Amino acid sequence: YKNVYPYTYNANDYYYGGALVSIADLAGTNFDWGVYNPITNGGNTAGQWRTLSSAEWDYLIFARPGATSKVAKATIKDGSTTVATGIIILPDEWDATQVSVTVKTGSNGTTGNSPYRTLKLNYTQTDWAYNTFTLADWAVLDQAGVVFLPAVGWHFTMGSTSYTSPEGHYYTSTSSHTYNSRRCGDVFDFLSPMNNAIRVYGSYSNYGSIRMSVRLVADK
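Reference entry: report on the structure contained in this document. Since this is a predicted model, take the numbers as computed values, not measurements. (Residues numbered from 1 in each chain as written. Predicted model: local features only at pLDDT ≥ 70, side-chain atom pairs only at ≥ 80, totals over all residues. Heavy atoms only, no water.)

### Let's talk about the sheet that holds strand 4 (residues 71-78)
Then, in step 1: The mixed open sheet is built from 4 strands, whose spatial order is 8-4-5-9. Among the strands making up the open sheet, the edge pair consists of strand 8 (132-134) and strand 9 (147-150). Here the strands of the sheet are splayed against their neighbours by 40° on average, with no regard to which way each runs.
Then, in step 2: Helix 3 (residues 135-143) rests against strand 4, strand 5 (81-89), strand 8 and strand 9 of the sheet, and its axis sits at about 95° to strand 8. (Pairing = 2+ DSSP bridges. Helix = DSSP H or I, 4+ residues; strand = E, 2+ residues; numbered from the N terminus. Axes fitted to C-alpha atoms, helices over the stretch in contact; angles between N-to-C directions. Contact = heavy atoms within 4.5 Å.)

Below you can see the structure in the form of structure tokens.
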């Protein structure tokens with residue numbers, strides 16, 4: 001929309017939409033990647049998908065029943081080749097006895113309050129390989145409703161220097177900061193291995209200057 005994409009960035013923190021704008025929430029607007037763009041493998045019609053809000057990420061990771069025991073780090077491999085690293089999120093109705101693939105989860109509790117909470121994973125989850133699945137394993141888990149979020153990092157340029165991250169960083173569609181109307185969404189991220197945590201958070205500036213991932217959902 002207006003030649004702006006999730007991978008678009010600008011050195012100015014609140015550059016979005018082709019100009020300096022004051023948009024606190026992108027939810028429901030054409031600046032939301034899923035709202036404006038037809039998703040070719042998801043109906044191919046604009047408006048069918050959207051980006052999760054900060055509150056929805058918070059509920060999914062922290063607030064739903066058993067939430068903190070339904071997330072873990074994982075690696076998917078094709079033989080000896082790593083296909084992707086990231087985290088898995090188990091569905092509400094997860095029943096390990098009904099799935100042939102073993103999944104390890106667990107946390108050491110949370111810190112902070114909504115919408116700025118941090119989930120500390122088990123101290124043994126210091127590597128993406130805490131769970132390692134084959135492609136066949138993942139086919140089973142995918143069928144069981146497990147979601148995989150790849151850790152593809154972020155990228156931004158400051159001056160003549162470019163910075164990248166190997167971690168997982170995802171845009172939300174809403175800002176929880178009432179004192180800064182120029183933010184374009186909070187951030188959901190998961191850090192590894194130095195900071196073994198999963199967070200939903202915001203800051204004093206927005207993230208228009210950083211290229212990060214989006215994860216789309218469809219309402220039913």
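### Focus on helix 2 (residues 54-63)
Then, in step 1: Three or more residues of helix 2 are buried, namely Ser-54, Trp-57, Asp-58, Ile-61 and Phe-62. The arc that holds every buried residue of helix 2, seen down its axis, measures 100°, which confines them to one face. (Buried < 20%, exposed > 50% of the residue type's maximum accessible area, 1.4 Å probe, protein only. Arc of directions from axis to C-beta.)

### Describing the layout of surface pockets
Then, in step 1: The space that makes up the largest pocket amounts to roughly 770 Å³.
Then, in step 2: For the lining of the largest pocket, the elements supplying multiple residues, two or more each, are helix 2, helix 3, strand 9 and strand 15 (216-217).
Then, in step 3: When residues of the lining of the largest pocket are assigned to their parent elements, the largest contribution, 4 residues, is made by helix 2.
Then, in step 4: Grouping the constituent residues of the lining of the largest pocket by class yields 16 nonpolar, 1 polar and 9 charged. (1 Å grid on protein atoms, 1.4 Å probe; cavity = no way out; pocket = protein on both sides within 12 Å on 5 of 7 lines; lining within 4 Å. Points joined across faces, edges and corners; volume = space filled by probe spheres on them. Nonpolar A, V, L, I, M, F, W, Y, C, P; charged D, E, K, R; others polar.)

Everything listed here is a matter of coordinates, which is why it stays silent on function.
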